[in-house]
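Report on the structure
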Amino acid sequence: MEVTVENFAETLPSILQAVERADFIAIDAEFTGLRRKETSRYCELDTIEQRYTKAREAAKDFGMIQFGITAFRYIREKSSYSHATFSFYLLGKTGDMLYYDNTSLKFLADNGFDFNKLFKSGLPYLSILEETEKRAEFVNQALEPYPPTPVKVAEEKARKFLTETEEKIEALLADDTRETLIIPGGTLPGFHRKLLYNNIAAKYKNVLVRSLTIDQERNIEIRKFDSPEARLKFLEAERERKLDEKVGFTHVVRKVLESGKPLVGHNMMLDLFHLIEKTVQPLPDTLEQFKSMVRANLPAVYDTKLIAKDPPFCVDIPITSLGNLYNDLCSKFNPPKFTVEDSYVSHTLNGDDRAHDAGYDAFMTGVCFITMVKKLEGANWKNKSVIRSKHLVNFASRLNNMSSHDIPFLNLVGPDVQTNRSHIFCVDCPSSWNVANVHSLFHMMKPIKLVWVSSTFLYVIPPEDVALSACKLYLKDIQGSCPPMVRVRLYGDTLSTKRKSQSDEVAPGCEPSASRVHEFKRLKSVGSDQLSKMSLESPSMEEVPPIYANAIDNGKRKKTDQDSASDGVFAIPDEW
């Protein structure tokens, strides 16, 4: 079901009921862009702190224009999952200034996104923090406007208008069947409006004169009351109603968070970051503060992209983009039965293909999640909802870390994987250098992997079977044969003499301090089940008080013809 300002009020109760009854909530979001600056492009050797900073910048810079929710519920008697899907068009706060990437918007338009519906009928939202602050302001905010002061009326036409209006109000006060008088504002002169707000409001104490938009036209409503107390009660209710309208989509988010139902997404780091930034509170400056805020406010989170990277799925499904994963799981892994929740709207396994509609993507994500956990559970899958599976322990609150060489996930509630990159080479070079030049310098090691950070800086990753001691020996030979303006060092080391260049600014920012490097053997499969058997020890994470508790491309150089001719170079696809 598509949800806009036209049907939000009437559908909100059923949406909240679907969330309350669900076992888990699958989510997906569409944005106006992914990254604004070249420095925000993902690098395979980003530290987890740098990846958080880049994702945080994207969530702050770009808009979230559609959000999909599918509520899944297990019906044990039928061994099936019922579901209800909602696709919310989101316009956001009035006056928001956000960036857009025309490539992203064209991609959405090519996939059928209705921008007319977005701009005409998109839902507003406030963050829960903003809503809390506004309600706190009500304590010191007067309901009544300043006492109106009558103005002098000299013009005959204005005097006539004032007299006629007073007669209409007297008739309204005498009529027990009517509560309001509407004065059309399409041709109403500005001075006549002033007479209504000043003279009429001053003369009649138990009426309220206010502007009211009806059918795109700003009219004047005059409403009568039995007493001043009734008038104040109405004003208070109207203030609450207007705030509720501004809160909009956040009513749904608050219900999801308060319900404690687990959230399931696919490659969901940006989806979750946008949701928090827009509807909960601004993302904190540091990763540790962010984790503290997540622990205080968010339920369990599961990322289907991370589950799909583990056996047995990574064996049969090498490409784990959402559409490909959904199709392969449905055809190879025997999903359970799915039915649309009674009196709701959703999709079917054999229904229309509406990929990149947030609602349909949320539906596909939930189907993938259920089908994969069903496979992991084996014959016992019918005994309980998949969300209670013991196989999910290794995936709880871990977000897939896209296009990372050796950090497969961001742990939302605990220490992150600490890697040893001391065998990786850092190369400063002239901007004229290409892949062939680098291979010539590292001719003694094959195959090597190149990760370009800028036109003058790159990483060289040796084969996995090359030990650190061998890398140190190779380094001496490489440094001895370096041409002018080329500097090579091992990750974490510093050079006694460095060329001041752009690389001096970029390269160090991609390296962690030596004190944070822990042993971590690079695995060919970086799935969570394997990582769970490894040591994830790290310096103890200092507990940071929650910010808002209980309130509710891949960076690589552009290839040249010479690059294409060189072997041993590959890039991780920037897939979602």
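Just above, that's the structure.
Per chain, residue numbering runs from 1 following the sequence as it is written. With pLDDT at 70 or above as the cut-off, local features in this predicted model cover only qualifying residues; side-chain atom pairs require 80 or more to be listed or tallied, and sums for whole chains, interfaces and linings still use all residues. No hydrogens and no water enter the side-chain calculation; it runs on all heavy atoms of the structure.

Let us now look at the overall build of the protein. Looking only at helices and strands, one finds 20 helices and 16 strands in the protein. Summary of the burial criterion: residues with accessible area below 20% of their type's maximum are buried, those above 50% are exposed, and those between are partly exposed, where the area comes from a 1.4 Å probe applied to protein chains only. Burial analysis of the protein (576 residues in total) assigns 51% to the buried set. Shrake-Rupley sampling with a 1.4 Å probe provides the accessible areas, and residues are treated as covered by the protein chains on show and by no other component. About 27,500 Å² of surface is accessible on the protein, with carbon and sulfur atoms providing 51% of the total. Put simply, DSSP marks the helices as runs of H or I at least four residues long and the strands as runs of E at least two long, and each gets a number from the N terminus on.

On the secondary structure map, Glu131 appears in helix H5 (residues 128–137). Residue contacts are defined here by distance: any two heavy atoms, one from each residue, within 4.5 Å place the two residues in contact. Those residues in contact with Glu131 that lie beyond four places of it in its chain are Val247 and Arg254.

Once that is clear, we can look at the pattern of salt bridges. Salt bridges are counted wherever a side-chain nitrogen of Lys or Arg sits within 4 Å of a carboxyl oxygen of Asp or Glu. Considering all chains together, one arrives at 30 salt bridges under this definition. Residue Arg210 is joined to Glu221 by a salt bridge in which the shortest nitrogen-to-oxygen separation is 2.7 Å. A residue pair is termed long-range when its members are at least 10 positions apart, and Arg210 in strand S6 (residues 207–214) and Glu221 in strand S7 (residues 217–224) qualify at eleven residues. In this structure, Asp406 and Arg421 form a salt bridge, with 2.8 Å as the shortest nitrogen-oxygen distance. Taken together, the residues Asp406 in the loop between strand S11 (398–400) and strand S12 (409–411) and Arg421 in the loop between S12 and strand S13 (425–428) connect sequence positions 15 residues apart. Asp406 sits in the buried class, given a relative accessible area of 5%. The network of salt bridges with shared partners includes Glu179, Arg210, Glu221, Arg223, Glu238, Arg241 and Glu245.

Here we come to the packing of H5 against helix H8 (residues 228–247). Where H5 meets H8, the closest approach of the two axes is 11 Å, and the angle between their N-to-C directions is 165°. With respect to H8, the axis of H5 lies roughly antiparallel. As for the relative orientation of H5 and H8, their crossing is right-handed in sense. Judged by residue contacts, Glu131, Lys134 and Arg135 of H5 engage Glu240, Leu243, Asp244 and Val247 from H8. Side-chain classes follow a simple rule in which Ala, Val, Leu, Ile, Met, Phe, Trp, Tyr, Cys and Pro form the nonpolar group, Asp, Glu, Lys and Arg form the charged group, and the remainder, Gly included, forms the polar group. When the residues that make up the contact of H5 with H8 are grouped by side-chain class, the tally is two nonpolar, no polar and five charged. Geometry is summarised by axes, namely lines fitted to C-alpha atoms with helices restricted to the contacting stretch, and by angles between N-to-C directions that run from 0 to 180 degrees. We call two directions roughly parallel when the angle between them is under 35 degrees, roughly antiparallel when it is over 145, roughly perpendicular when it lies between 65 and 115, and oblique otherwise. Take the far helix as the reference: if the near one is turned anticlockwise from it by less than a right angle, the crossing is left-handed, and if turned clockwise, right-handed.

Here the focus is the pairing of strand S4 (residues 80–89). By the criterion of burial, S4 is predominantly enclosed, with ten of the ten residues buried. Burial along S4 is two-sided: the residues Ser80, Ser82, Ala84, Phe86 and Phe88 and Tyr81, His83, Thr85, Ser87 and Tyr89 are all buried. Here strand S1 (residues 2–3) pairs with S4 via two bridges, running parallel. Across the sheet, the residue bridging to Val3 is Phe88, located in S4. Two strands pair if DSSP finds at least two bridges between them.

Another point: helix H3 (residues 102–110). Burial in H3 covers these residues: Ser104, Leu105 and Leu108. For H3, the angular spread of the buried residues around the axis is 95°, confining them to a single face. Those residues of H3 that are exposed and angled more than 90 degrees off the buried face are Asn102, Thr103, Lys106 and Asp110. Those residues of H3 that are buried are in contact with strand S2 (24–31), strand S3 (64–75) and helix H4 (115–121). Where H3 ends, the next residue or the one after it, Gly112, has phi of about 90°, a positive value. In this description, one arc is meant: the one made by directions from the helix axis to the C-beta atoms.

Formed by 55 residues in total, the largest nonpolar core has its most connected members in Phe67, Phe88, Phe249, Phe273, Phe290 and Leu399. Elements with a contribution of two residues or more to this core: helix H1 (8–21), S2, helix H2 (48–61), S3, S4, helix H9 (250–259), helix H10 (269–279) and helix H11 (287–297). At six residues, the largest contribution of residues to this core is made by H10. Aside from chain neighbours lying at most four places away, what touches Phe67 is Ile27, Asp28, Ala29, Phe86, Ser87, Phe88, Leu90, Phe249, Asp271, Leu275 and Ala358. Only buried residues count toward a nonpolar core, which is a set of Ala, Val, Leu, Ile, Met, Phe, Trp, Tyr and Cys residues joined through side-chain atoms within 4.5 Å.

Any helix carries an expected span of 1.5 Å times its number of residues minus one. In this model H8 runs 29 Å from its N-terminal to its C-terminal C-alpha over 20 residues, within 8% of the 28 Å that 1.5 Å per residue would give. The secondary structure elements touched by the buried residues of H8 are H5, S6, S7 and H9. Directly after H8, the chain includes Gly248, whose backbone phi takes a positive value near 50°.

Moving on, we come to the packing of aromatic side chains. When the centres of two rings from Phe, Tyr and Trp lie within 6.5 Å, Trp using its six-membered ring, the rings pair. Their planes under 30 degrees apart give stacked, over 60 give edge-to-face, and anything left gives tilted. Considering all chains together, one arrives at 22 aromatic pairs under this definition. Between Phe72 and Phe338, the ring centres sit 6.3 Å apart and the planes meet at 80°, which makes this aromatic pair edge-to-face. In this pair, Phe72 sits in strand S3 while Phe338 sits in strand S10 (residues 337–340), placing the two residues 266 residues apart along the sequence. There is no split in this pair, since Phe72 and Phe338 are both buried. Each ring, one from Phe86 and one from Tyr344, has its centre 6.0 Å from the other, and the planes form 80°; the classification is edge-to-face. Note that Phe86 is positioned in strand S4 and Tyr344 in the loop between S10 and helix H15 (358–377), a separation of 258 residues in sequence. Here Phe86 matches Tyr344 in class, with each residue buried. The structure contains a cluster of three or more aromatic residues connected by ring pairs, namely Phe24, Phe72, Tyr74, Tyr81, Tyr302, Phe338, Tyr360, Phe363 and Phe369. Two conditions define a charge sitting above a ring: the NZ of Lys or the CZ of Arg must be within 6 Å of the ring centre, and it must be within 35 degrees of the ring normal. The ring of Tyr42 carries the charged tip of Arg35 above its face, separated from the ring centre by 5.3 Å. Taking NZ or CZ as reference, Arg36 lies 4.2 Å from the ring centre of Tyr99, over its face.

Moving on to the sheet that holds S6. Across the sheet, three strands lie side by side as S5-S7-S6; this open sheet has antiparallel pairing. Both outer strands of the open sheet, strand S5 (180–183) and S6, are each paired with one neighbouring strand and no more. Taking each pair of neighbouring strands and ignoring which way they run, the sheet shows an average axis angle of 25°. When S5 meets S7, the two strands line up antiparallel, connected through four bridges. Within S7, the residue paired with Ile183 across the bridge is Ile220. Taken strand by strand, helix H7 (residues 190–203) contacts S5, S6 and S7, and its axis lies near 155° from that of S6. Each of S6 and S7 is contacted by H8, which is oriented at about 25° to S6, the strand it contacts most.

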